[in-house]
Amino acid sequence: PMLTGVVENVAIGGTVQLMKQLFPKSKMIYAICDGTVTGLANYNIFYLYMKQHPKIKYQLLDLQKMTFKQLFSKLHDIPSSNPILLISAYTDKEKKIFSFNKSLHFITQNTSAPLFHLWYPGIGDGILGGMMTSHYDQGYIAGKIAMNILKGMPIKYIKNIFSCPNRYIFDYRQIQHFH
């Protein structure tokens, strides 16, 4: 009764459908994921979605089983017509850690395939787009909740927000690049 807030829900299904819609001739969707807690949680959502849509073929590039160097090598083999979903790429099987920006830089330098993401970071740095979590909207809703609390509304009467709106966000340069 003393807890309220806004839950961040990633729109994996919306992003996968977008990838298929924008690249209908693709034979495969690739997903990059690591073994971080958040990476595995979001991979599980991805896996359950893909299990419900068996006609969509995918291949996991699993950083729990490969090094960053192996990942970057594998990225060279992905045709430019097959989109990649970047779920999480912070650590590899050797426990080497990269920042998001460093990981993204190396990913974009080693592939000609379109790259999709679930969050805004990376737009302008090689991410084509996706159905993304809107941190602006989450903050706005959280701010409204905080205002109600400050005005004296008891927390127990404020519902948790489980379905925060996600938005399609794109990098115009990447859209032009991939036609």
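Residues numbered from 1 in each chain as written. Predicted model: local features only at pLDDT ≥ 70, side-chain atom pairs only at ≥ 80, totals over all residues. Heavy atoms only, no water.

Caption draft 1: Region of interest: the packing of aromatic side chains. For the structure shown, the criterion picks out 11 aromatic pairs. Each ring, one from Phe68 and one from Phe98, has its centre 4.0 Å from the other, and the planes form 10 degrees; the classification is stacked. Remark: Phe98 occurs in the loop between strand 3 (84–86) and helix 4 (100–109) and Phe68 occurs in helix 3 (residues 68–76); sequence separation between them is 30 residues. Take Phe98: its relative accessible area is 5%, and that puts it in the buried class. Taking 5.4 Å as the distance between ring centres and 35 degrees as the angle between the ring planes, the aromatic pair formed by Phe72 and Phe106 counts as tilted. Taken together, the residues Phe72 in helix 3 and Phe106 in helix 4 connect sequence positions 34 residues apart. Among the residues examined, Phe106 registers a relative accessible area of 29% and is labelled partly exposed. (Phe/Tyr/Trp six-rings, centres within 6.5 Å; stacked < 30°, edge-to-face > 60°. Helix = DSSP H or I, 4+ residues; strand = E, 2+ residues; numbered from the N terminus. Buried < 20%, exposed > 50% of the residue type's maximum accessible area, 1.4 Å probe, protein only.)

Caption draft 2: Structural context of the environment of His177. Tracing the sequence through the fold places His177 in helix 6 (residues 172–177). Look at His177 and you get exposed, because its relative accessible area is 52%.

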